[in-house]
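Chain by chain, the residues run as shown.
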Amino acid sequence: MSNCKSTYPLLPYSQLVFEATRWMPSVYNFPSLLRWRGGAVQKERIENAIRKALNNHPVFASRVDWRGQQNGGIPKDVLHGQYHDIDLEIKGEDLYLRLFGSRILGDGKSGEILAEDIYRAFNGLPLKPDDYWGYVARWEQRKTEPHYSASRDWLIREFADASAPVRPTIDRKWLFTLLPPKAGLYMDDYSSLHDRLDRLKEESFLSYEGIFSLCTALAIAEYCGTDEAALTWAYEGRETPEEQRIVGSLHRDIPFRISRKSKVKSQKIASREECIKEARNQIRSGIAHSDYPYTLTAPYNKRWNYAVNVLRFNDTEELLPMSGLPIEIVSVPEQKYAYALLDVEIHEHPQDLSLWFRYSATHYQESSIHRFASLVRKYVEWLVE
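Quick summary incoming for the structure in this document. Since the structure is predicted, the reported quantities are computational estimates derived from the model, not experimental observations.

1. Focus: the overall build of the chain
Step number 1: Of regular secondary structure, the chain possesses 11 helices and 13 strands.
Step number 2: Against the globule reference of 21 Å for 385 residues, the chain gives a C-alpha radius of gyration of 22 Å, in line with a compact fold.
Step number 3: Taking the principal axes of the C-alpha coordinates as reference, the chain spans close to 70 × 50 × 45 Å.
Step number 4: For the chain, contacts bridging at least 24 residues in sequence account for 76% of all contacts bridging at least 6.
Step number 5: Total accessible area computed for the chain in this model is approximately 18,800 Å², and 51% of it derives from carbon and sulfur atoms.

Laid out in structure tokens, this is it:
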């Protein structure tokens, strides 16, 4: 595992997680239990493969101090780190893997990369290097470059004075409360629209993130009775071949704003074509200026930390069969506390598609989320009609 003697600030989203865990230590922790069928007789080989995969990714050896500054080192045992823990236990013919990892270590793509490396290490295949510390150093260097300040200025001009709502109106009187944010979940099946949405992607040059950000923003506007609305969406951010192998929080949180009001004088409501064009512009310009972490930076984060976030979710259930290893999930503890006010997760598989609405049940009643989800569906059906 590569070492890093320099000290750097955490990447933007990891910094958000670090700050959140000061007052809710377990809110971004994700434990699970896996079973490797017939793995008892191969325990040593399996453990060595896991160690090799972890050692290939420097973030698992990083140390974070009380200020949120990180550096690297050589861990005493790579299975047990500051923000992760892996235990292996034999039961009969099977090997059980008890896992714990904090979101501070990486984004959704990171789990996919690690699963692939475990598969490759188990089968004696070479692993591609992970230049995590090089990426972190380059990220810090960007802060001194003209494009960084230009992106900051553009984002401030575009979003700082916006009065558009960034979430459906909450059911509580006040946003801030001493009550813990209880986790709620509502799932809406879009499988019947999967084919039509795929065609829309090709015709509109919009990703699923773009399509569902557009529909979610339009739903926020209708829910709140406004002409426009805004939210954030998660951009994977891995733009070079080298970055494709990095485990870390490389994804970027990008603001997105849309209006229901038509720019055509003869029309009051924006047409389908107008909305798609504006969404495409928002996605492209957001990515172009994403080297400045606007929504995660004070004072703007006071607003955007509580915005709806649209993201594509990498399901562990999909990663395991893809790895080609005989692993199955035994249990994942039910989430007790919400780590966001409202997230809209895109879950796509070859045969099905769904949206998962993860919300704070302390702030929203279940009926309100159902109503909001129905508005999102209304605009999805409008786009594909």
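2. Concerning the nonpolar core
Step number 1: The biggest cluster of nonpolar side chains holds 50 residues, and the ones touching the most others in it are Leu-197, Phe-212, Leu-214, Phe-256, Phe-357 and Val-376.
Step number 2: Breaking this core down by element, the ones donating at least two residues are helix 6 (194-204), helix 7 (208-224), strand 8 (228-235), strand 9 (252-259), helix 8 (272-288), strand 12 (342-348), strand 13 (353-360) and helix 11 (366-384).
Step number 3: Broken down by element, this core gets its largest block of residues, 11 residues, from helix 7.
Step number 4: Those residues in contact with Val-376 that sit more than four places away from it in its chain are Tyr-190, Cys-215, Thr-216, Ala-219, Leu-355 and Phe-357.
Step number 5: By size, the runner-up hydrophobic cluster in this structure holds 46 residues, among which are Met-24, Tyr-28, Phe-60 and Trp-139.

3. A look at the sheet that holds strand 5 (residues 84-91)
Step number 1: Across the sheet, 4 strands lie side by side as 5-6-2-11; this open sheet has antiparallel pairing. Two strands close off the open sheet at either side, each with one partner strand: strand 5 and strand 11 (327-331). Each adjacent strand pair in this sheet contributes to an overall mean axis angle of 25°, direction not counted.
Step number 2: Where strand 2 (residues 29-36) and strand 6 (residues 94-102) come together, 8 bridges link them in antiparallel fashion. Residue pairing across strands places Phe-30 opposite Gly-101, the latter belonging to strand 6.
Step number 3: Set on the sheet, helix 2 (residues 43-55) makes contact with strand 2, strand 5 and strand 6; between it and strand 5 the angle comes to about 170°.

4. Here's the deal with the environment of Glu-381
Step number 1: Structurally, Glu-381 is set in helix 11.
Step number 2: Separated by 184 residues in sequence, Glu-381 and Leu-197 have C-alpha atoms that sit 9.3 Å apart.

5. Some details on the pairing of strand 10 (residues 309-312)
Step number 1: In this structure, strand 8 lies alongside strand 10, joined through 2 bridges in parallel fashion. Among the inter-strand pairings, Trp-233 is bridged to a residue of strand 10, identified as Val-310.
Step number 2: Bridge count for strand 10 against strand 12 is 4 bridges, and the pairing is parallel. Bridge pairing in strand 12 places Val-310 opposite Val-344.

6. Brief notes about the state of the cysteines
Step number 1: Tallying each qualifying case throughout the model produces 0 disulfides.
Step number 2: The thiol of Cys-215 is not disulfide-bonded; the next cysteine sulfur, from Cys-275, is found 8.9 Å away.
Step number 3: With no disulfide of its own, Cys-224 lies 16 Å from the sulfur of Cys-215, the closest cysteine sulfur.
Step number 4: Under the relative-accessibility criterion, Cys-224 is labelled partly exposed at 23%.

Scoring rules and cut-offs
- Residues numbered from 1 in each chain as written.
- Predicted model: local features only at pLDDT ≥ 70, side-chain atom pairs only at ≥ 80, totals over all residues.
- Heavy atoms only, no water.
- Helix = DSSP H or I, 4+ residues; strand = E, 2+ residues; numbered from the N terminus.
- Rg over C-alpha atoms; globule rule 2.2 N^0.38 Å.
- Contact = heavy atoms within 4.5 Å.
- Areas by Shrake-Rupley, 256 points an atom, 1.4 Å probe, with all protein chains shown as cover.
- Core = buried A, V, L, I, M, F, W, Y, C linked by side-chain atoms within 4.5 Å.
- Buried < 20%, exposed > 50% of the residue type's maximum accessible area, 1.4 Å probe, protein only.
- Pairing = 2+ DSSP bridges.
- Axes fitted to C-alpha atoms, helices over the stretch in contact; angles between N-to-C directions.
- Disulfide = S-S within 2.5 Å.

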